[in-house]
Number of protein chains: 4
Amino acid sequence: MRRIGIAVNQNKPSALDVTKQLVSLLEAKDAKVLVDSKVADQIGRSDLALDVDKFPDQVDLVFVLGGDGTLLGVARQLAVYDLPILGINLGHLGFLSEAEPEDLPSAVDRVLRGDYHLEKRMMIDASIIRNGQTIHRNIALNDIGIAKGSFGRMVTLSVYVDDMYVDKYSGDGLIISTPTGSTAYSLSCGGPIVSPHINVMVVTPICPHTLTSRPFIVQKDQVIRVEVSATHNDIGITIDGQVGYKGEVNDTIIVRKSPHYTTLIKWQERGFFDVLRQKLHNPN
Amino acid sequence: MRRIGIAVNQNKPSALDVTKQLVSLLEAKDAKVLVDSKVADQIGRSDLALDVDKFPDQVDLVFVLGGDGTLLGVARQLAVYDLPILGINLGHLGFLSEAEPEDLPSAVDRVLRGDYHLEKRMMIDASIIRNGQTIHRNIALNDIGIAKGSFGRMVTLSVYVDDMYVDKYSGDGLIISTPTGSTAYSLSCGGPIVSPHINVMVVTPICPHTLTSRPFIVQKDQVIRVEVSATHNDIGITIDGQVGYKGEVNDTIIVRKSPHYTTLIKWQERGFFDVLRQKLHNPN
Amino acid sequence: MRRIGIAVNQNKPSALDVTKQLVSLLEAKDAKVLVDSKVADQIGRSDLALDVDKFPDQVDLVFVLGGDGTLLGVARQLAVYDLPILGINLGHLGFLSEAEPEDLPSAVDRVLRGDYHLEKRMMIDASIIRNGQTIHRNIALNDIGIAKGSFGRMVTLSVYVDDMYVDKYSGDGLIISTPTGSTAYSLSCGGPIVSPHINVMVVTPICPHTLTSRPFIVQKDQVIRVEVSATHNDIGITIDGQVGYKGEVNDTIIVRKSPHYTTLIKWQERGFFDVLRQKLHNPN
Amino acid sequence: MRRIGIAVNQNKPSALDVTKQLVSLLEAKDAKVLVDSKVADQIGRSDLALDVDKFPDQVDLVFVLGGDGTLLGVARQLAVYDLPILGINLGHLGFLSEAEPEDLPSAVDRVLRGDYHLEKRMMIDASIIRNGQTIHRNIALNDIGIAKGSFGRMVTLSVYVDDMYVDKYSGDGLIISTPTGSTAYSLSCGGPIVSPHINVMVVTPICPHTLTSRPFIVQKDQVIRVEVSATHNDIGITIDGQVGYKGEVNDTIIVRKSPHYTTLIKWQERGFFDVLRQKLHNPN
């Protein structure tokens, strides 16, 4: 019997309705269902409640109801457990979600029949080091940003790849992105598009003061080291644009490929370029 | 007798030495000199001390010792008084300073002989309106920024020019720049270069999420209105990158040409494009 | 009695049908109609035939049936005569056309009632000088391009504004654009958007080899001089992307505001930003 | 005994002098030397003359005296023979040359002692197919461009990667670049920087009319297919910007990784990022 966890972004207007429908569909097919505790009560099924961070012990795969942002959060939370994730899109067209609410019946069918493709997405790992101590460590599916705050003046970031000095970047900061993240914030900063299966990292300067600064590609097994200097401490380090740490002058941030992957459930027939085209041609 | 005020950025290493030298040169030529109170004591001339905000009553023109940043601050402080300003550059090559410390003797000569050219630089005025009330108002020589903080997610800014709807800009924010500011932060964000004598404003999106967003030019007598929406309150409004106000969702920012100008003292023979070329060809 | 000329792009599939319909509508309202000789025969109305270049003597205003490209050609042809032009769009949404074929009856009504607004669009004038002789001279509504051919290596263009040296631009070339042209090729090269009523020129480098090269704005009464150097003669000078002249090393191109304007017929209520938004949000 | 070929760009002013010096240095160390026939006579050593395309039979490695352009040409000519190449830079700082003329004695020493590092640079192969026939085929070390001429209007290129449809690109064209070429023309068009050891291709749109078009990365073992459409035949296909073929509407261009590599002689201690930094910080 398949054991399915359901993680939900309650802020989406249709969240509860879609959750209820999904539970019904899955139970009708004899799947064992567990629902994010924050939502289980609200749909009158507290019998199914389980915190998302307990999913790894009790479920085989996870439906995520929300947008790309919701899926990013669940992906980080479950990164070490290698649970397949299927995104059901409750918002705008996303890059990570594979189904729309109106496809739920067929999505449930395919998942329970095993009629899907698993796509491994590279993740990256950031350590923030202060005075020789690692003070924060986290994993990202999209990107790691090192940037000044809105009142801060320029930051200057010295970047090394495998201990080779690359350059100093002065400006708003830098974004270090996975292939998955290449179509997110990095793209807005002028970074190139990277298909999910190409395991490289992209380092993209954010509004660089030095006009010759350009995005560059780093091989997956290389280690990126960033040293922060600035005349102020209004510096933020962000994980997928969702988790933030206050940075300080002289902090070092080490970014490398994580040993963990996010495993996305994909219907074989829908490709990266098709989604990309839809997003780019409908830019609102 | 010419009455000269001296404003100084004390943080520059050579600030006190250059101030002393300038006072000597001016007094040797019988000019009446007044010195920023914060510095007068330190050079042993408390007899000359005057706060910069009192300069307008007692001086005819102002020497600013520092970098472009120092001059921006003095320019805003003195904006309504139309005092000519001569920048003496204590840092990297700047766009606003006209002389280097080694040129002091000849600069003093020329100023006292009236052998210079006055260049009027357009300024812009920002009002921040919350719940129908103007809660802040300030004037900028370079630019007015409306941007998310380093932990904030996207902001969405609806822009109107003379009450005509232009577009929604989602991303890191917008920068509204004078010609003087067109070579500062706006340039890093992809904005065009505008010579100081062309009285237009430039609206430049900062890392726009909508990839079709582009910088645009607004005529000097047009009024720009920006309405803020976001899912958070990590929004900053900055004046010349130096003064910051916390913004909130539903704030309106009105930007228009100020009736005031910054009047820069320029030696006729050195032009905007010469400085621009030097800066662009030596990008560090 | 209003005398109306009709210029037509025969290559558009609906060109003849729309011309016929327009002639009927105009004649039904007692307007005197003349039709581009190339088309008059084809619609069986050789009695109305007149070459477009003879329109100025015999008509008061001109309907242009085609796309923005057709209108550009007619605008250049009639530039010195100041005849109002109404664009009827037979292709994709354009910036210059004001009506769609389905609006013809109401467009005819408004035009004959005089219920419209005239919008003057700045034009620019290019002279190509070789060995001290002006060998070509033409006028553009959109832009003047100076660029290498597809097999040519880099060109280097030295640019002067009012005889002040701006910089050398090495790369594919330069585009000098009017406000009207700012949303055409210049935009693809990274130039800013300029509303039609702001009389400036935009100089935009095309794929510059020098990464610090940036677009810049030139005042309407300034004169731009471009001097060509290259190691080859595969250089083209284009007018609105439609007329081309072979350039040579050591050619000088002088660009300045033309005394002539293109006068567009506009319904008051449709603005530049509305069209811009539609174009940018539907990028195909 | 080492057998050394010398290829020379005669157009560089110091070409003959440096060739003579190099021959002397090599012969003094008992190397067997052969010199590009076009130059051997001019330095009075017709005894050493050999056409470059015969080098593979008679030499073990090749010195190239010239700039990056010269080296590109030799690299293509010798691509199938896998001969190590040492670039001696007679022009501006290049990415491909490893020594300056003043380093000749030590360069000769190191080469003859075998004290160097071989760096394999990925090449790409282009086939131009017309009416089902491959009409041209060539190999590139930097890039393959498909672009309109200077008088041509837009071209539209449909791009497929491994038979997956990516998108239509309308504008000036596309450039498909190796890592080596990522710092050449592709960079001017907005492409990212790729270190030489990362075996990917970069597809960069040239001045795209569709403003959402962005550079993208393709894995080394993927096949890129480009189908040309346009309303004209002013289309050029270029190899390293040096060899050109006239393209036509309905041509198909297939680009894939070549089985051949260019093998560069590198002193271990000088890295890609060091050269990159020097080039970017001195943009003239």
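Starting afresh in each chain, residues are numbered from 1 along the sequence in its written order. Each chain gets a letter, beginning with A, and each ligand a number, beginning with 1, in the order they are written. Owing to the predicted nature of the model, reporting of local features is limited to residues with pLDDT of at least 70; listing and counting of side-chain atom pairs is limited to 80 or more, with chain, interface and lining totals taken over all residues. Where side-chain values are given, they derive from all heavy atoms of the structure, hydrogens and water being excluded.

A.B. asks: Quick question: what am I supposed to make of the overall build of chain A here?
C.D. replies: Helix numbering and strand numbering both begin at the N terminus, where a helix is a DSSP run of H or I of at least 4 residues and a strand a DSSP run of E of at least 2. Helix and strand counts for chain A stand at seven helices and 17 strands. Across its three principal axes, chain A shows a C-alpha extent of roughly 60 × 40 × 35 Å. The 284 residues of chain A split such that 60% are buried. Partitioning the contacts of chain A with sequence separation of at least 6, the portion at a separation of at least 24 is 66%. Carbon and sulfur atoms form 46% of the exposed surface of chain A, whose accessible area is close to 10,600 Å². Asp and Glu are treated as the negative residues and Lys and Arg as the positive ones, with His and the ends of the chain left uncounted. A charged residue contributes its charge at one atom only: NZ of Lys, CZ of Arg, CG of Asp or CD of Glu. Distance between charge centres in chain A, computed from 29 positive and 33 negative side chains, equals 2 Å. For every residue, the accessible area (1.4 Å probe, protein chains only) is compared with the maximum for its type, and the residue is labelled buried under 20%, exposed over 50%, or partly exposed between those bounds. Contact between two residues is taken to exist if any of their heavy atoms lie within 4.5 Å; hydrogens are not considered. Computed with the Shrake-Rupley method and a 1.4 Å probe, the accessible areas treat only the protein chains shown as cover for residues.

A.B. asks: Help me understand the interface of chain C and chain B in this model?
C.D. replies: By a frequent convention, interface size equals the accessible area lost on bringing the separate parts together. Counting residues at the interface gives 27 residues for chain C and 27 residues for chain B. Interface of chain C and chain B: buried area, both sides summed, is about 2,400 Å²; carbon and sulfur atoms make up 63% of it. We count a salt bridge whenever a side-chain nitrogen from Lys or Arg sits within 4 Å of a carboxyl oxygen from Asp or Glu. Seen at the junction of chain C and chain B, the total is zero salt bridges. Here a polar contact is recorded for every N or O atom pair within 3.5 Å, except that within protein the pair must consist of a potential hydrogen donor and a potential acceptor, and residues adjacent in sequence are included only if both atoms are side-chain atoms. Connecting chain C to chain B are 14 residue pairs in polar contact (both at pLDDT 80 or more). Listing elements by their share of the side of chain C that touches chain B, those giving two or more residues are strand 10 (164-177), strand 11 (193-194), strand 13 (216-219) and helix 7 (272-281) of chain C. Counting residues per element, the side of chain C that touches chain B draws most heavily on helix 7 of chain C, at five residues. Residues belonging to the side of chain C that touches chain B are distributed by class as follows: 17 nonpolar, six polar and four charged. Accessible area that two parts lose when put together, with a 1.4 Å probe and added across both, is what the buried area reports. Ten residue types, Ala, Val, Leu, Ile, Met, Phe, Trp, Tyr, Cys and Pro, are classed as nonpolar, four, Asp, Glu, Lys and Arg, as charged, and the remainder, Gly among them, as polar.

A.B. asks: Is there a simple way to explain the packing of aromatic side chains in this structure?
C.D. replies: The way to describe two aromatic rings as a pair is by their centre distance and the angle between their planes. Ring pairs are drawn from Phe, Tyr and Trp, using the six-membered ring of Trp, whenever the two centres fall within 6.5 Å, and their geometry is named by plane angle: stacked under 30 degrees, edge-to-face over 60, tilted for the rest. A full pass over the atoms with the stated rule returns 20 aromatic pairs over all chains. For the pair phenylalanine 95 of chain A and phenylalanine 272 of chain A, a centre-to-centre distance of 6.5 Å together with 35° between the ring planes defines the contact as tilted. With phenylalanine 95 of chain A in the loop between strand 5 (84-89) and helix 5 (104-113) and phenylalanine 272 of chain A in helix 7 (residues 272-281), this pair connects stretches of sequence that are 177 residues apart. Exposure remark for phenylalanine 95 of chain A: the relative accessible area of 14% places this residue in the buried category. Ring geometry for tyrosine 169 of chain D versus phenylalanine 216 of chain D: centroids 6.3 Å apart, planes at 20°, classification stacked. Of the two residues, tyrosine 169 of chain D sits in strand 10 (residues 164-177) while phenylalanine 216 of chain D sits in strand 13 (residues 216-219), which places them 47 residues apart along the sequence. The buried category is assigned to phenylalanine 216 of chain D, whose relative accessible area is 2%. Ring-pair connections join several aromatic residues into one group, and the members of that group are Phe95, Phe272 and Phe273 of chain A together with Tyr169 and Phe216 of chain D. Over the aromatic face of tyrosine 160 of chain A sits the side chain of arginine 225 of chain A, whose NZ or CZ is 4.1 Å from the ring centroid. To sit over a ring, a charge needs its Lys NZ or Arg CZ within 6 Å of the ring centre and within 35 degrees of the ring normal.

A.B. asks: Is there a simple way to think about the interface of chain A and chain D in this case?
C.D. replies: Counting from both sides, the interface comprises 27 residues of chain A and, opposite them, 27 residues of chain D. Between chain A and chain D the total buried area reaches about 2,500 Å² when both faces are included, carbon and sulfur atoms providing 63% of it. The three residues of chain A that bury the most area against chain D are Thr212, Ile217 and Phe273 of chain A, which together make up 23% of that side's buried surface. Counting every contact that joins chain A to chain D gives zero salt bridges.

A.B. asks: Explanation requested: the packing of helix 1 (residues 15-28) of chain C against helix 5 (residues 104-113) of chain C in the structure shown.
C.D. replies: When two helices pack together, their arrangement is given by the angle between the helix axes and by the axis-to-axis distance. Residue and element names in this part refer to chain C. Taken N-terminus to C-terminus, the directions of helix 1 and helix 5 make an angle of 45°; their axes are 10 Å apart at the nearest point. Between helix 1 and helix 5, the interaxial angle falls into the category oblique. For the pair helix 1 and helix 5, the crossing hand works out as right-handed. Of helix 5, the residues touching helix 1 (which contributes Val18, Gln21, Leu22, Leu25 and Leu26) are Leu104, Pro105, Val108 and Leu112. Residue composition of the contact of helix 1 with helix 5, grouped by class: eight nonpolar, one polar and no charged. Working convention: axes come from line fits to C-alpha atoms, limited for helices to the stretch in contact. Angles between N-to-C directions cover 0 to 180 degrees. To sort the angles, those under 35 degrees are grouped as roughly parallel, those over 145 as roughly antiparallel, those from 65 to 115 as roughly perpendicular, and the leftovers as oblique. In this scheme the crossing of two helices becomes right-handed for a clockwise turn of the near helix relative to the far one and left-handed for an anticlockwise turn of less than a right angle.

A.B. asks: Would you take a moment to explain the domain arrangement of chain A for this structure?
C.D. replies: Residue and element names in this part refer to chain A. The domain architecture assigned to chain A consists of domain 1 (3-116 + 267-280) and domain 2 (123-259). For the purposes of this description, domain bounds are those given by an automatic or database domain assignment. Computed from C-alpha coordinates alone, the two centres of domain 1 and domain 2 are separated by 30 Å. Each partner contributes to the interface: domain 1 provides 12 residues, whereas domain 2 provides 17 residues. With both chains or domains summed, domain 1 and domain 2 bury close to 1,100 Å², and 73% of this area falls on carbon and sulfur atoms. In this structure, the connection of domain 1 to domain 2 is made through one salt bridge.

A.B. asks: What should I look at first to understand the pattern of salt bridges in this one?
C.D. replies: Proximity of charged atoms lets side chains of opposite charge pair with each other. Residues and elements named next belong to chain C. Here the structure, examined in full by the defined rule, presents 68 salt bridges over all chains. Notably, a salt bridge pairs aspartate 115 with arginine 110, separated by 3.4 Å at the nearest N-O pair. The partner of arginine 130 in a salt bridge is aspartate 251, with the nearest N and O atoms 2.7 Å apart. Of this pair, arginine 130 sits in strand 6 (residues 117-130) while aspartate 251 sits in the loop between strand 16 (243-247) and strand 17 (252-266); the two residues are 121 residues apart in sequence, bridging distant segments of the chain.

A.B. asks: What's the story with empty space enclosed by the protein in this structure? I'm lost.
C.D. replies: Take a probe with the size of a water molecule and roll it over the atoms, and the empty space left behind shows itself. Method remark: on a 1 Å grid restricted to protein atoms, a set of points is classed as a cavity if a 1.4 Å probe fits but cannot get out and as a pocket if it is open with protein on both sides within 12 Å along at least five of seven lines; lining residues have an atom within 4 Å of a point. Grid points are joined across faces, edges and corners, and a volume is the space filled by probe spheres set on the points. Taken as a whole, this structure holds 10 cavities of 30 Å³ or more when the rule is applied. For the largest cavity, the calculated volume is near 1,300 Å³. Surrounding the largest cavity, 48 residues form its lining, Gly190 of chain A, Gly190 of chain B, Gly190 of chain C together with Gly190 and Arg214 of chain D being those nearest its centre. Every element with two or more residues in the lining of the largest cavity is listed here: helix 6 (185-188) and strand 12 (200-208) of chain A, helix 6 (185-188) and strand 12 (200-208) of chain B, helix 6 (185-188) and strand 12 (200-208) of chain C together with helix 6 (185-188) and strand 12 (200-208) of chain D.

A.B. asks: Hey, could you run me through the side chain of lysine 266 of chain B in this one?
C.D. replies: Residues and elements named next belong to chain B. Within the fold, lysine 266 resides in strand 17 (residues 252-266). The class for lysine 266 is buried, based on a relative accessible area of 7%. Within the structure, the side chain of lysine 266 is placed 3.2 Å from the side chain of glutamate 98, a separation counted as a polar contact. If sequence neighbours within four positions are ignored, lysine 266 has contacts with Phe95, Leu96, Glu98, Tyr116, His117, Glu119 and Arg121.

A.B. asks: Explain helix 1 (residues 15-28) of chain B to me, please; I cannot follow it from the model alone.
C.D. replies: Side chains three or four residues apart in an α-helix point the same way, a direct result of the helix having 3.6 residues per turn. All names here are of chain B. With 14 residues, helix 1 extends 20 Å from end C-alpha to end C-alpha; this agrees with the ideal 20 Å at 1.5 Å per step. Among the residues of helix 1, Ala15, Val18, Thr19, Leu22, Val23 and Leu26 are the ones counted as buried. Axial view of helix 1: buried residues confined to an arc of 140°, hence all on one face. Residues Asp17 and Ala28 are exposed on helix 1 and point more than 90 degrees away from its buried face. Along its buried surface, helix 1 packs onto strand 1 (3-8), strand 2 (32-36), helix 2 (37-40), strand 4 (61-66) and helix 5 (104-113). Immediately downstream of helix 1, the backbone of aspartate 30 shows phi near 70°, a positive value. In a helix, the anticipated span is given by 1.5 Å times the number of residues less one. For this quantity, the arc is that covered by the directions from the helix axis to the C-beta atoms.

A.B. asks: Help me out: how do you make sense of the UniProt feature "active site" (unreviewed entry) in chain A in this one?
C.D. replies: All names here are of chain A. UniProt positions are given in the numbering used here, feature names are shortened, and annotations may be inferred rather than shown by experiment. If you check UniProt for "active site" (unreviewed entry), the listed places come out as Asp68 in our numbering. Relative to the helices and strands, aspartate 68 is located in helix 4 (residues 68-77). Those residues in contact with aspartate 68, other than ones at most four positions away along the chain, are Gly94, Phe95, Leu96 and Ser97.

A.B. asks: Which parts of the structure should I look at to understand the relation of the copies chain A and chain D?
C.D. replies: The operation relating the pair of chain copies consists of a rotation about an axis and a translation along that axis. Least squares is the method for superposing the copies, and the C-alpha atoms it fits come from residues with pLDDT of at least 70 in both. Screw-axis analysis of chain A against chain D gives a translation of 0.0 Å along the axis, an RMSD of 0.0 Å, and a rotation angle of 180°. These values place the two chain copies in the arrangement generated by a two-fold rotation axis. If distances are taken from each C-alpha of chain A to the rotation axis, the shortest is found for proline 192 of chain A, at 3.2 Å. Comparing interface residues between copies, 100% of those in chain A also lie at the interface in chain D; the contact surface is shared.

A.B. asks: Explanation requested: the side chain of asparagine 9 of chain D in the structure shown.
C.D. replies: Looking at where asparagine 9 of chain D falls in the secondary structure, it is placed in the loop between strand 1 (3-8) and helix 1 (15-28). In contact with asparagine 9 of chain D, other than residues within four places in its own chain, are Ala15, Leu65, Gly66 and Thr70 of chain D.

A.B. asks: In this structure, what is going on with the state of the cysteines? I would like to understand it.
C.D. replies: Note on terminology: disulfide describes a covalent bond linking the sulfur atoms of two cysteines. For this text, the term disulfide refers to a pair of cysteine sulfurs within 2.5 Å. Within the structure shown, the criterion is met by zero disulfides over all chains. As a non-bridged cysteine, cysteine 207 of chain B has cysteine 189 of chain A as the owner of its nearest cysteine sulfur, 3.6 Å distant. Judged by relative accessible area, which is 6%, cysteine 207 of chain B ranks as buried.

A.B. asks: Looking at this structure, I do not really get the relation of the copies chain C and chain B. What am I missing?
C.D. replies: Overlaying chain C with chain B gives an RMSD of 0.0 Å, the required rotation being 180° about an axis along which the chain moves by 0.0 Å. Here 100% of the contact residues of chain C are again contact residues in chain B; the copies associate through an equivalent surface.

A.B. asks: Would you mind going over the environment of arginine 110 of chain B with me for this structure?
C.D. replies: Residues and elements named next belong to chain B. Residue position: arginine 110 is located in helix 5. For arginine 110, a relative accessible area of 15% puts it in the buried group. Separated by 157 residues in the primary sequence, arginine 110 and tryptophan 267 place their C-alpha atoms 8.6 Å from one another.

A.B. asks: For this particular structure, what's the right way to read the environment of isoleucine 139 of chain C?
C.D. replies: All names here are of chain C. Inspection of the secondary structure assignment puts isoleucine 139 in strand 7 (residues 133-140). Along the backbone, isoleucine 139 and aspartate 240 are 101 residues apart, and their C-alpha atoms lie at a distance of 8.8 Å. For isoleucine 139, the contacting residues outside a window of four places in its chain are Arg76, Ala79, Met123, Ile124, Asp125, Ile239, Ser258 and His260.

A.B. asks: Is there a simple way to think about the pairing of strand 1 of chain B in this case?
C.D. replies: Side chains on a regular strand alternate between the two faces of the sheet. Residue and element names in this part refer to chain B. Most of strand 1 is tucked away: five of the six residues are buried. Two strands make a pair as long as DSSP finds a minimum of two bridges between them. By the bridge criterion, four bridges tie strand 1 to strand 2 in an arrangement that is parallel. Within the sheet, the bridge partner assigned to isoleucine 6 lies in strand 2 and is valine 35. Handedness of the strand 1-helix 1-strand 2 crossover: right-handed. Across five bridges, the pairing between strand 1 and strand 4 is parallel. Bridging from a neighbouring strand, valine 8 pairs with leucine 65 of strand 4. Orient the strands so they point away from the viewer, and a crossover whose first-strand-to-second-strand path over the helix runs clockwise is right-handed.

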